[in-house]
Every structure is written in C-alpha cells, then in structure tokens.
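# A closer look at the structure
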Amino acid sequence: MTAKPRLAFLGPAGTFAHAALRTLPIADDAVLLPLANVTLAIDAVRAGDADGALVPLENSVEGAVPATLDELAGNGAPLMIAEETYLPVLFDLLARAGTALADVRTVATHPHAEAQTRRWLLANVPEATVVLVGSTAGGAKAAADGEYDAAVAPPYSGELYGLASLAHDIADNHGAVTRFVLLARPTPPGKPTGNDRTTLVAYLRENHSGALLEILTEFAARAVNLTRIESRPTKGRIGQYCFSIDCEGHIDEERVGDAVAALHRICADVRFLGSYERRDGVQTEVPTGRADRDFADARAWLARVRSTGAS
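Residues numbered from 1 in each chain as written. Predicted model: local features only at pLDDT ≥ 70, side-chain atom pairs only at ≥ 80, totals over all residues. Heavy atoms only, no water.

## Let's talk about the environment of arginine 22
Within the fold, arginine 22 resides in the loop between helix H1 (16-21) and strand E2 (31-35). A C-alpha to C-alpha distance of 22 Å links arginine 22 and leucine 94, two positions 72 residues apart in sequence. Each residue touching arginine 22, except ones within four places of it in the same chain, is listed here: Ala27 and Tyr156. (Helix = DSSP H or I, 4+ residues; strand = E, 2+ residues; numbered from the N terminus. Contact = heavy atoms within 4.5 Å.)

## Looking at the pattern of salt bridges
Pairs may arise between side chains of opposite charge once their charged atoms sit close together. All chains considered together, the criterion is met by 21 salt bridges. The salt bridge partner of glutamate 84 is arginine 197, with a shortest N-O separation of 3.1 Å. Of the two residues, glutamate 84 is situated in strand E5 (residues 80-88) and arginine 197 in strand E12 (residues 196-203); the sequence distance between them amounts to 113 residues. With relative accessibility at 0%, the residue glutamate 84 sits in the buried group. Glutamate 253 is paired through a salt bridge with arginine 255; the nearest N and O atoms lie 3.5 Å apart. Under the relative-accessibility criterion, glutamate 253 is labelled buried at 13%. By relative accessible area, which is 1% here, arginine 255 ends up buried. Here the residues in one salt-bridge network are Glu58, Glu84, Arg179, Arg197, Arg228, Asp246, Glu248, Arg278 and Asp280, joined through shared partners. (Salt bridge = Lys/Arg side-chain N within 4 Å of Asp/Glu carboxyl O. Buried < 20%, exposed > 50% of the residue type's maximum accessible area, 1.4 Å probe, protein only.)

## Considering the nonpolar core
Ranked by size, the top nonpolar core spans 31 residues in total, and within it Phe91, Leu93 and Val152 carry the most contacts. Of all hydrophobic cores here, the second largest spans 23 residues; its members include Ala50, Ala64, Tyr203 and Leu273. (Core = buried A, V, L, I, M, F, W, Y, C linked by side-chain atoms within 4.5 Å.)

## Quick word on the sheet that holds strand E10 (residues 164-167)
If you trace the 5 strands from one edge of the open sheet to the other, you get E8-E7-E9-E6-E10, paired in mixed fashion. The sheet is open, and its two borders are formed by strand E8 (129-132) and E10, each paired with just one other strand. Pairs of neighbouring strands in the sheet enclose a mean axial angle of 35°, with direction left out of account. Note that strand E7 (residues 106-109) and E8 share 4 bridges and pair parallel. Across the sheet, the residue bridging to alanine 108 is valine 131, located in E8. Along the sheet, helix H4 (residues 111-124) contacts strand E6 (92-95), E7, E8, strand E9 (150-153) and E10; its crossing angle with E8, the most-contacted strand, is approximately 170°. Strands in contact with helix H5 (residues 136-144) are E7 and E9; relative to E9, the strand with the most contacts, it is inclined by about 160°. (Pairing = 2+ DSSP bridges. Axes fitted to C-alpha atoms, helices over the stretch in contact; angles between N-to-C directions.)

## Some details on the pairing of E7
Of the crossover connections in this fold, the one passing from E7 over H4 to the parallel E8 is right-handed. Two strands pair when backbone bridges link them, and E7 and E9 are joined in this way by 2 bridges, in the parallel orientation. Residue pairing across strands places alanine 108 opposite alanine 151, the latter belonging to E9. (Right-handed = clockwise from strand over helix to strand, strands pointing away.)

## Quick look at a nonpolar patch on the surface
A grouping of Leu212, Leu213, Leu216 and Ile229 is seen on the molecular surface, where their side chains present a nonpolar patch of about 320 Å² in accessible area. Looking at the nonpolar patch element by element, the count peaks at 3 residues for helix H7 (residues 211-220). Residue position: leucine 216 is located in helix H7. Exposure remark for leucine 216: the relative accessible area of 31% places this residue in the partly exposed category. (Patch = residues over 30% accessible without salt bridge, like charges linked within 9 Å, V, L, I, M, F, W, Y side chains within 5 Å. Areas by Shrake-Rupley, 256 points an atom, 1.4 Å probe, with all protein chains shown as cover.)

## Overview of the side chain of glutamate 114
Following the sequence through the fold, glutamate 114 ends up in helix H4. Relative accessible area serves as the criterion here: at 15%, glutamate 114 is assigned to the buried category. Among the polar contacts listed, one links the side chain of glutamate 114 to the side chain of arginine 118, at a separation of 2.8 Å. Apart from residues lying up to four places away in sequence, glutamate 114 is in contact with Thr109, Val130 and Leu132. (Polar contact = N/O pair within 3.5 Å; in protein donor to acceptor, adjacent residues only side chain to side chain.)

## Observations concerning the packing of H7 against helix H8 (residues 254-266)
As a packed pair, H7 and H8 sit with axes 9 Å apart at the nearest point and diverge in direction by 155°. One finds that H7 runs roughly antiparallel with respect to H8. In the crossing of H7 with H8, the sense of the turn from one axis to the other is right-handed. Residues Glu214, Ile215, Glu218 and Phe219 of H7 form the contact with H8, whose own contacting residues are Ala259, Ala262, Leu263 and Ile266. Residues that form the contact of H7 with H8 fall into these classes: 6 nonpolar, no polar and 2 charged. (Parallel < 35°, antiparallel > 145°, perpendicular 65-115°, else oblique. Left-handed = near helix turned anticlockwise from the far one by under 90°. Nonpolar A, V, L, I, M, F, W, Y, C, P; charged D, E, K, R; others polar.)

Listed below in structure tokens is the structure:
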C-alpha cells in the first residue's frame, strides 16, 4: 500500500497557501502539514518530514517573496519546483460576531496582506493599530480567540474560525494574484508539455561591467523569454548578488538547455530549480528557427560541412 504524500504549507488552516494547496490534485489524498512560516515548511522537506511544501513565490502587487527566493538560492539542501498554481487574492476584515467597525482598535494580519490593504485600513479604521503576524489565518484565529479586535484575512478563514465579515474585498488593488510553487527534493524533471517554465539561480563569477548583460544575452540569443528575474544578495560580502530567473520552456528543449549550459560556462554556479507546466494561462510560443528540429538540422548541417566541406 502506497503511503499518502505529506505536504507542508504556510499555516495554520485557512491561509491562502492552504487554499492554493487544495487546488492541486496531489493534495486530494495527502496528509497536510500546516507550519508557522515558509522556512519551516521548506525545512520539513529537506529533513524528510514532508514530501513537498507549497509556498508563495510572487504576488502581482507585492512582487517576489524574499523568504522563498532566499531559501531556494541559499546553502541548504537543493530543492526543485514540482509544479505551480495561481490563486486570486481576496481580503475581508473579519471580527467576532457583534463587533462593529467603530469598535476595531487592533487588526492582525500578515505583512503582505497589510501592504495590500493599507490604504483601505487607513481610510476606514484610522485609529486601529495593525499588528503583523506570521499568516493571515493566524491573525484570524487570534481574533477569534480575543487577542485582537479584527483580522485581515481571506473569507475562508472567517468561515473556519467563526468570524463575521465587517467588510468584503478590501484590497487596494483588486484582481491581485499570488503564484505558489510546490517544492520537493530533486528528481529528474517531467517530460515537456509544450507550455512549460524553467526556474534557476545564476551566481556571478565576479561583479564586473556587463555581468548581467552576459546572462541576458545567452537567453536573448536563443529567443528564450524571461518571465521573471530578481537579484538577491548572496549573504556574503556586500555587493555580491545572484539572480533568480524564470524562463519560458523546458530544460529538455534544445534552446533552453543550450542557454542554461551557456550560463554554466560564464557563471560561478547555476542552480537548476525545475522545469514544470506553466499554469498562468499564457501559451509559450517558440520563435522560428528555435524549435528542437531546427537545432537538430543545424547540427546535421555543421557535421556535413566539417566532414565533407560541402554546405
């Protein structure tokens, strides 16, 4: 009998990470492990206490999640992205039954949620003190326990912890989306689907004029589109950076594999973090002359020129 997969996530129950995890088929028959923060969820995979961890990678309003980027780029045991999922971000102001908006003096929420609802809070509960906690659901639970008057959290947290919604959809920027990734211990990547994404971290050999351009050129020369690039400090001396990169395509595709191999030649190190199906609703397009068959034809032509001199 096959054991159920153990999947860690940023808890407690009722967080956006919990909701995102429930969208993945692998979670249907899994043991779900809520943990207090991203680092603990990732550490559970590295220690073998979990088979995977669903963590936020980037948000359409706040950008990348530094804790996730740094864990993937740091000195811990390497992990890979097995798959990604996207979740619309919806915030409510939640409180215990009988609480009025005028009664709210303390509001608990996660830093990213506070950043995305800051103007609404200033306009509607200007006297309230916002207390930053480890997760939106944790704030909702604390409000339910009477530690705070209210919490900014997803509506599902209100249902879970018996809270009433004082205000619905209070985000300053409506339509925000968070991208989550399921991290696992390294295994060979799955086969290309035709609409994939590859994630890696490139470490500069040395900081010099044009260092970033050299990296970008390797992708541009092969018409590999980058969907995200972030610089992060390497935690060594000041001024040392690595680059966290998402690009279109799969490592098994000629153009992507060739670009990543070129980075390995010019960088101090390249950490491959996975090739997986793209789930953002955008279709990857391979430009003319960059499909696998084009690389194969070019190699055959070059071999013929080298062996016969005839082109």
